[in-house]
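# Remarks on the overall topology
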Amino acid sequence: MSNTKKVGVAFEIEGSIQYADDSVVSQTLLNKDTGTITLFAFDEGQGLSEHTAPFDAVVHILDGQAQITIGGESHAVSKGEMIIMPANIPHALHAEQKFKMLLTMIRGE
């Protein structure tokens, strides 16, 4: 868990991570054997190249809009929306504009 957040203490999520020029910023909020919760802030033009993960992952857009490609199909996902990226299916993320997201990775069956 990040040293700036405490378990059992409420905090405002969108303002907990800031954009950085030409960068992808991440902050792990929780890291357990059963899964992780990570905040990300993507500057315009940044992204994550196509890859696979052995676990399902949920992306919740907190600010802006992301272009998320799953299994070759592109999705525009905007603030307040979520998308599930299934395990073992190639996916990629691209910031056509700045966006922040919360990524929840679920490990296991």
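Since the model is a prediction, treat every value here as computed from it, not as a measurement.

Right, let's get into the overall build of the protein chain. Across its full length, the protein chain carries zero helices and eight strands. Along the protein chain, helices (α) and strands (β) appear in the sequence β-β-β-β-β-β-β-β when read from the amino end. A compact globule built from 109 residues would reach a C-alpha radius of gyration of about 13 Å, and the protein chain, at 14 Å, matches this within 12%. With the C-alpha coordinates aligned to their principal axes, the bounding extent of the protein chain is approximately 40 × 35 × 20 Å. Across the 109 residues in the protein chain, those meeting the buried criterion constitute 34%. Of the contacts formed within the protein chain by residues at least 6 apart in sequence, a portion of 60% connects residues at least 24 apart. Taken as a whole, the protein chain presents about 6300 Å² of accessible surface, with 50% of it coming from carbon and sulfur. Charged side chains in the protein chain number 7 positive and 14 negative. The centres of these two groups are separated by 13 Å.

Turning next to the UniProt feature "domain: Cupin type-2" (unreviewed entry) in the protein chain. Those places that UniProt annotates as "domain: Cupin type-2" (unreviewed entry) correspond, in this numbering, to residues 40–104. The span residues 40–104 is 0% helical and 66% strand by assignment, and the distance between its end C-alpha atoms comes to 11 Å.

Next up on the list: the side chain of Thr 38. Within the fold, Thr 38 resides in strand 2 (residues 35–42). Under the relative-accessibility criterion, Thr 38 is labelled buried at 9%. Ignoring any residue separated from it by four or fewer positions in sequence, one finds Thr 38 in contact with Ser 26, Gln 27, Thr 28, Leu 29, Met 101, Leu 102 and Leu 103.

Further remarks concern the pairing of strand 8 (residues 99–106). In terms of residue burial, strand 8 counts as a mostly covered element, since six of its eight residues are buried. As paired strands, strand 2 and strand 8 are joined by eight bridges and run antiparallel to one another. The residue bridging Gly 35 from the neighbouring strand is Ile 106, located in strand 8. Judged from the eight bridges that link them, strand 4 (residues 56–70) and strand 8 form a sheet pairing that is antiparallel. Residue pairing across strands places Val 59 opposite Leu 103, the latter belonging to strand 8.

Mapped onto the secondary structure, Thr 36 falls in strand 2. For Thr 36, the residues in contact, after removing those within four places along its chain, are Leu 30, Asn 31, Leu 103, Thr 104, Met 105 and Arg 107.

Overall, the coordinates contain two aromatic pairs when judged by the stated rule. Seen from their ring centres, Phe 42 and Phe 99 are 4.4 Å apart, and the 10° between their planes marks the pair as stacked. Residue Phe 42 is located in strand 2, and its partner Phe 99 is located in strand 8; the two are separated by 57 residues in the primary sequence. Phe 99 carries the same exposure label as Phe 42, and that label is buried.

The next point concerns the nonpolar core. Counting residues in hydrophobic clusters, the biggest one holds 17 residues, and the most contacted among them are Val 59, Ile 61, Ile 68, Met 85, Phe 99, Met 101 and Leu 103. Among residues more than four places away in sequence, those in contact with Val 59 are Ile 68, Glu 81, Met 82, Ile 83, Met 85, Met 101, Leu 102 and Leu 103. In this structure, Ile 17, Leu 29, Ala 41 and Leu 102 belong to the second largest nonpolar core, which totals six residues.

Cut-off values and rules
- Residues numbered from 1 in each chain as written.
- Predicted model: local features only at pLDDT ≥ 70, side-chain atom pairs only at ≥ 80, totals over all residues.
- Heavy atoms only, no water.
- Helix = DSSP H or I, 4+ residues; strand = E, 2+ residues; numbered from the N terminus.
- Rg over C-alpha atoms; globule rule 2.2 N^0.38 Å.
- Buried < 20%, exposed > 50% of the residue type's maximum accessible area, 1.4 Å probe, protein only.
- Contact = heavy atoms within 4.5 Å.
- Areas by Shrake-Rupley, 256 points an atom, 1.4 Å probe, with all protein chains shown as cover.
- Lys, Arg positive; Asp, Glu negative; His and termini not counted.
- Charge placed at Lys NZ, Arg CZ, Asp CG, Glu CD.
- UniProt positions renumbered as here; feature names shortened; annotations may be inferred.
- Pairing = 2+ DSSP bridges.
- Phe/Tyr/Trp six-rings, centres within 6.5 Å; stacked < 30°, edge-to-face > 60°.
- Core = buried A, V, L, I, M, F, W, Y, C linked by side-chain atoms within 4.5 Å.

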